[in-house]
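So the chains spell out like this:
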Amino acid sequence: MRIVFASDFDGTVSLRDFYWIVIDKYLGDKYVELYHRWQRKEIKDVDFLNMVFNNINKDYETVLNDIYSIPIDMKAIEFMKWFVENVGDFYLVSAGCKYYIDILLEKYGVKDIVKVIANPGYYKDGSIYMVPDTTKEYYSEVFGVDKGKAVEIIKRESDFVFFAGDSRPDYYAAKVADYVFAKYQLADILRQEGIRFFEFKDFGDIMEETRRLIPLIKEGRFKEVYYEKNIGV
Ligand SMILES: [Mg+2]
């Protein structure tokens, strides 16, 4: 039986979106205004992120150290190791940039065990450039990576998919997954929509709940325990 875990990266595994770190450190109020325009959907996700990442203008070492400084939920790293070793594949599904995600996974020693679906990118002349792969089935003009589509593709080859996320773009992935962990904006949206989820504060909660559910899933009792209550996952 193929049980897989898919998770958002920024704000879910990391504790702060990388774009906020860059805005706070280097870019200031004008970009906070851009953030609000993006939230009002006046700017596409990909374009907003590139406006931020393309304007870092710092030498390579500084940018690398800024990436290293992104705070991480260390329990998420523990969880990845445990899940891959004991259960199945762990995917990071991100509409952010694979460039800094890979650097962090390498730093925490999990780069080789985790599968990453994110927008490719590179460092050049002081900044990071995110270049969505238009050839992928999950390509989206707005997000680069359509997380809902990506999780749908993962689900095709799996019997059960967990998903964890924290914000609005995770909503589509949450709708596709068999079991959802949510916090912050995503939790609020799912609550409004009446979609069942487990509210988590960190991956310690996720570890506990996943360990509890896996035997039920393997014994084929998950549906009996969860669906019969008529709460719409
Ligand atoms: Mg996020």
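Rules behind the numbers
Residues numbered from 1 in each chain as written. Predicted model: local features only at pLDDT ≥ 70, side-chain atom pairs only at ≥ 80, totals over all residues. Pairing = 2+ DSSP bridges. Helix = DSSP H or I, 4+ residues; strand = E, 2+ residues; numbered from the N terminus. Domains from an automatic or database assignment. Contact = placed C-beta atoms within 7 Å. Nonpolar A, V, L, I, M, F, W, Y, C, P; charged D, E, K, R; others polar. Buried ≥ 20, exposed ≤ 12 C-beta atoms within 10 Å, placed from the backbone. Core = buried A, V, L, I, M, F, W, Y, C linked by C-beta atoms within 7 Å.

Draft legend 1. Geometry of the sheet that holds strand E8 (residues 160–165). Read from one edge of the open sheet, 6 strands run E3-E2-E1-E8-E9-E10, paired in parallel fashion. Every other strand in the sheet has two partners, leaving strand E3 (115–119) and strand E10 (198–199) as the edge strands with one partner each. One ladder, built from 4 bridges, connects strand E2 (residues 90–97) with E3; its direction is parallel. Bridge pairing in E3 places Tyr91 opposite Lys115.

Draft legend 2. A look at the domain arrangement of the protein. Under the domain assignment, the protein is made up of domain 1 (3–16 + 72–222) and domain 2 (18–68). Between domain 1 and domain 2, the C-alpha centre-to-centre distance is 22 Å. Of the residues lining the interface, 20 residues belong to domain 1; the matching set on domain 2 comes to 19 residues. For the side of domain 1 that touches domain 2, the elements supplying multiple residues, two or more each, are E2, helix H6 (98–107) and strand E5 (127–130). Here the residues of the side of domain 1 that touches domain 2 sort into 13 nonpolar, 4 polar and 3 charged.

Draft legend 3. Representation of unusual backbone geometry within the structure. Backbone geometry at Lys41 places phi at a positive 65 degrees, although glycine is not the residue there. Examined against the element boundaries, Lys41 turns out to sit in the loop between helix H2 (29–39) and helix H3 (45–53). Lys41 sits in the exposed class, given 10 other C-beta atoms within 10 Å. In this structure, Tyr184 takes a positive phi of about 50 degrees despite not being glycine. Judged by the 16 C-beta atoms lying within 10 Å of it, Tyr184 falls in the partly exposed class.

Draft legend 4. View of the nonpolar core. If you look at the biggest cluster of nonpolar residues, it comprises 63 residues, and the most contacted ones within it are Ala6, Phe163 and Ala177. Looking at this core, the element that brings in the most residues is E2, giving 6 residues. The residues that make up this core include at least three from each of domain 1 (3–16 + 72–222) and domain 2 (18–68).

Draft legend 5. Spotlight on the environment of Ala76. Looking at the element boundaries, Ala76 is found in helix H5 (residues 74–86). Among all residues touching Ala76, those that are not within four sequence positions of it are Val13 and Phe203.

Draft legend 6. How the structure looks around the pairing of strand E1 (residues 3–7). Of all the 5 residues making up E1, 5 are buried; the element is thus mostly covered by neighbouring parts of the structure. Across the two faces of E1 the burial is the same, with Ile3, Phe5 and Ser7 and Val4 and Ala6 all buried. As paired strands, E1 and E8 are joined by 5 bridges and run parallel to one another. Along E8, the bridge assignment pairs Ile3 with Phe160. Sheet topology note: the E1/E2 ladder contains 3 bridges and is parallel. By the bridge assignment for E2, Ser7 is matched with Leu92.

Draft legend 7. Geometry of helix H7 (residues 147–156). Inspection of H7 places Lys147, Gly148, Lys149, Ala150, Val151 and Ile154 among the buried residues, and these make up the whole buried set. In this fold, the buried residues of H7 make contact with E1, E2, E3, strand E7 (144–145), E8 and helix H8 (171–176).

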